[in-house]
Amino acid sequence: MTNATEREQERIRTVNRLLHGACRPLRILRTVAWAPEVKETFLAQGARELPDVTYAAFDPAPTIEAVREARRRIVPVTTIDLWLDRQANAIELSARMLAAVGTTGFFEYGRQLYGEPTAPLRYVPITPLDLAQSVLDTIRNLDHIALNTAPPSYHTAEEVAENLGQAVRTQFGDRAPAIELVDRLSANALATSRAIRIRRGARFTDRDCIQLLHHEAYIHVATSLNGQAQTDLPLLAAGHPGTTRTQEGLAVFAEVISGSIELDRLRRLADRVLAIQMAIDGADFLEVYRYFMERTDDPDQSFENARRVFRGGVITGGAPFTKDLVYLFGLLQVDNFIRAGFAAGRADCLHLLFCGKLDLFDIPALCELYALGLCRPPRFLPPWISDPRYLLAMLTFSVFTSRVSLEPIVDVARKLLDSAPMVRMPVNEPERVMSSAWAVPIERRPIAGYPDVALQQTHGADRVSAP
């Protein structure tokens, strides 16, 4: 005879299986993808005519029925059931969004899932549009400064594939994704748990290489593999729009904490937010394409940037795809969560961020599920979590500095430096090496106080990774 706890555990497993099954038909990016010929035709015609895009029909009925079946077993009053209910709502909205592809309904459902540029954040009185404009204004303030940077050195797709392959084999062992060179890809690189595809002919700077490793491999691949190991909670392996903001925010945070992000990357993320608002205000594909041409002077890249805004939506304007809001928005949320959670004395929750595909608001439920023995600890962790010494030091410093208001100090700095001449340092040419991007361990030994991790000596610097 089973007791109440066992019955409750089995109910949670059943709901998870039903919602995981409901997610299976949801292939968001695949459904809204454009055929390669669309770009070829657009550029061949001199970028003067709106692209002609068609989408395959999507039937939401199987997903909606599976969600209804799951809801019959959910009573949204406990922390765990509220989590399950949020998953059910996001999955149903996603199915309805895909059923409305190519229409204004796609945007209406999409903004409920991903947000919209002018909607204030829940706990902070700022909008994604405000945030993006702040990034661009700050970068613009640097225009008069001769930054000490030299033109980047570039690496071929073949070089990146070879080094990335070595890095992911080190990190993931026999679960490492394959590295594939492909002729056609909408981006320079795309990752799944099984493969990281790199577009042959693409060029990568050293920063691009490190970003690719930390963003795609150490976050997206890791959370996919960790989610697949959650046999009692298979829903954690099913990424859907309800988890996208946190997943992309966590991936961009990884770029920040690893020191691989740069101003141009932040500018691109902010530009996408402004472009989405342009489309909401009625700008068509051509107008947004020209906006990006002013920013990049690169027809191929401008097309891809505009495509990201209009895929699945209405080419003539008014109803874009708002997913690209989540990068800056998610970065802010993840950064705030990590810093605030640390300041509140709950650094113990950091590992749970990587146990699968999840949203920050899922963490309380996952704590309870972990206590019930249903949520497994993540096997694969990025270096800055598996060895938290640098992160914890930075968080301690952040708590320390947050107690001081910056505004009066900025006024003092302006007065102090107002008459000082601008300092222009000589530019040093970078070496054409990739060793800083790819960590290759040559020694493993246990660390006192860290029983579950091992130290790796890497290019003269210490880091820790899960065994």
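You'll find the chain entered in an unreviewed UniProt entry as DUF1704 domain-containing protein, with Allochromatium tepidum given as the organism. Per UniProt, the chain has the following entry under Cofactor (unreviewed entry): "Zn(2+)".

(A) Highlighting the overall build of the chain. If you tally the helices and strands in the chain, you get 18 helices and eight strands. Burial statistics for the chain: of 467 residues in total, 48% are counted as buried. Across the chain, every contact between residues at least 6 apart in sequence was considered, and the portion connecting residues at least 24 apart equals 71%. About 23,000 Å² of surface is accessible on the chain, with carbon and sulfur atoms providing 54% of the total.

(B) Quick look at a positive patch on the surface. Side chains of Arg 24, Arg 27, Arg 30 and Arg 197 sit close together on the surface and give a patch of like positive charge. Mapped onto the secondary structure, Arg 27 falls in the loop between helix H1 (4-23) and helix H2 (28-31). In this structure Arg 27 comes out as partly exposed when scored by relative accessible area, which is 39%.

(C) The arrangement of the packing of aromatic side chains in detail. In the structure shown here, the tally under the stated rule is 14 aromatic pairs. When the centroid spacing of 5.5 Å and the interplanar angle of 65° are considered together, the rings of Phe 253 and Trp 384 count as edge-to-face. With Phe 253 in helix H10 (residues 241-257) and Trp 384 in helix H16 (residues 383-386), this pair connects stretches of sequence that are 131 residues apart. A relative accessible area of 5% places Phe 253 in the buried class. One aromatic cluster in this structure is built from Trp 34, Phe 42, Phe 285, Tyr 289, Phe 303 and Phe 310. Stacked on the ring of Tyr 327, the Lys or Arg Arg 272 has its end atom at 5.6 Å from the ring centre.

(D) Structural detail: the pairing of strand E4 (residues 195-199). Two elements, strand E2 (residues 178-182) and E4, share five bridges in a ladder whose sense is parallel. Following the sheet pairing, Val 182 is matched in E4 by Arg 199. Bridge count between strand E3 (residues 189-191) and E4: three bridges; the pairing is antiparallel. Within E4, the residue paired with Leu 190 across the bridge is Arg 197. Count of turn residues in the E3/E4 antiparallel hairpin: three residues.

(E) Structural view of the sheet that holds E2. Across the sheet, three strands lie side by side as E2-E4-E3; this open sheet has mixed pairing. If you trace the sheet from one side to the other, it starts and ends with E2 and E3, each paired once. On average, adjacent strands in this sheet sit at an angle of 20° to one another, irrespective of strand direction. Of the strands in this sheet, E3 and E4 touch helix H9 (residues 206-228), which is tilted by about 15° from E3.

(F) Structural context of helix H5 (residues 79-99). Here H5 is 21 residues long and its end C-alpha atoms lie 31 Å apart, about the 30 Å a rise of 1.5 Å per residue gives. Burial analysis of H5 places 15 of its 21 residues in the buried class, which makes it a mostly covered element.

(G) Geometry of the confidence of the model for the chain. The predicted model of the chain averages 86 in pLDDT, with 88% of residues at 70 or higher. Long-range and interchain partners of residues 440-467, a stretch whose pLDDT sits below 50, account for 62 contacts in this model, where long-range means more than four residues apart.

(H) Layout of the pattern of salt bridges. Following the criterion strictly, the structure yields 28 salt bridges and no others. Put simply, Asp 232 and Arg 13 hold a salt bridge, and the shortest N to O gap is 2.8 Å. Remark: Arg 13 occurs in helix H1 and Asp 232 occurs in the loop between H9 and H10; sequence separation between them is 219 residues. Between Asp 335 and Arg 339 there is a salt bridge, and its shortest N-O distance comes to 3.0 Å. Placement of both Asp 335 and Arg 339 in helix H14 (residues 326-343) is noted, with a separation of four residues, approximately one turn of the helix.

(I) Quick peek at the side chain of His 215. Assignment of secondary structure puts His 215 in helix H9. Classification of His 215 by relative accessible area gives buried; the value is 6%. Within the structure, the side chain of His 215 is placed 3.3 Å from the side chain of Glu 248, a separation counted as a polar contact. At 2.7 Å, the side chain of His 215 and the side chain of Glu 255 are in polar contact. Other than its neighbours up to four places away in sequence, His 215 contacts His 220, Glu 248, Ala 251, Val 252, Glu 255, Arg 265 and Tyr 327.

(J) Quick look at the nonpolar core. Counting 96 residues, the largest nonpolar core has Leu 19, Phe 285, Leu 353, Leu 366, Leu 369 and Trp 384 as the members making the most contacts within it. Top contributing element to this core by residue count: H5, with ten residues. If we skip the residues at most four places from it in the chain, Leu 369 touches Ile 12, Ile 80, Trp 83, Leu 233, Leu 374 and Cys 375.

(K) The arrangement of a nonpolar patch on the surface in detail. On the surface, Tyr 390, Met 394, Phe 397 and Phe 400 cluster together to form a nonpolar patch covering roughly 450 Å² of accessible area. Relative to the elements of secondary structure, Phe 397 occurs in helix H17 (residues 389-402). Classification of Phe 397 by relative accessible area gives partly exposed; the value is 47%.

What counts as what
Residues numbered from 1 in each chain as written. Predicted model: local features only at pLDDT ≥ 70, side-chain atom pairs only at ≥ 80, totals over all residues. Heavy atoms only, no water. UniProt positions renumbered as here; feature names shortened; annotations may be inferred. Helix = DSSP H or I, 4+ residues; strand = E, 2+ residues; numbered from the N terminus. Buried < 20%, exposed > 50% of the residue type's maximum accessible area, 1.4 Å probe, protein only. Contact = heavy atoms within 4.5 Å. Areas by Shrake-Rupley, 256 points an atom, 1.4 Å probe, with all protein chains shown as cover. Patch = residues over 30% accessible without salt bridge, like charges linked within 9 Å, V, L, I, M, F, W, Y side chains within 5 Å. Salt bridge = Lys/Arg side-chain N within 4 Å of Asp/Glu carboxyl O. Lys, Arg positive; Asp, Glu negative; His and termini not counted. Charge placed at Lys NZ, Arg CZ, Asp CG, Glu CD. Phe/Tyr/Trp six-rings, centres within 6.5 Å; stacked < 30°, edge-to-face > 60°. Lys NZ or Arg CZ within 6 Å of the ring centre and 35° of its normal. Pairing = 2+ DSSP bridges. Axes fitted to C-alpha atoms, helices over the stretch in contact; angles between N-to-C directions. Expected span 1.5 Å × (residues − 1). pLDDT = per-residue confidence, 0-100. Polar contact = N/O pair within 3.5 Å; in protein donor to acceptor, adjacent residues only side chain to side chain. Core = buried A, V, L, I, M, F, W, Y, C linked by side-chain atoms within 4.5 Å.

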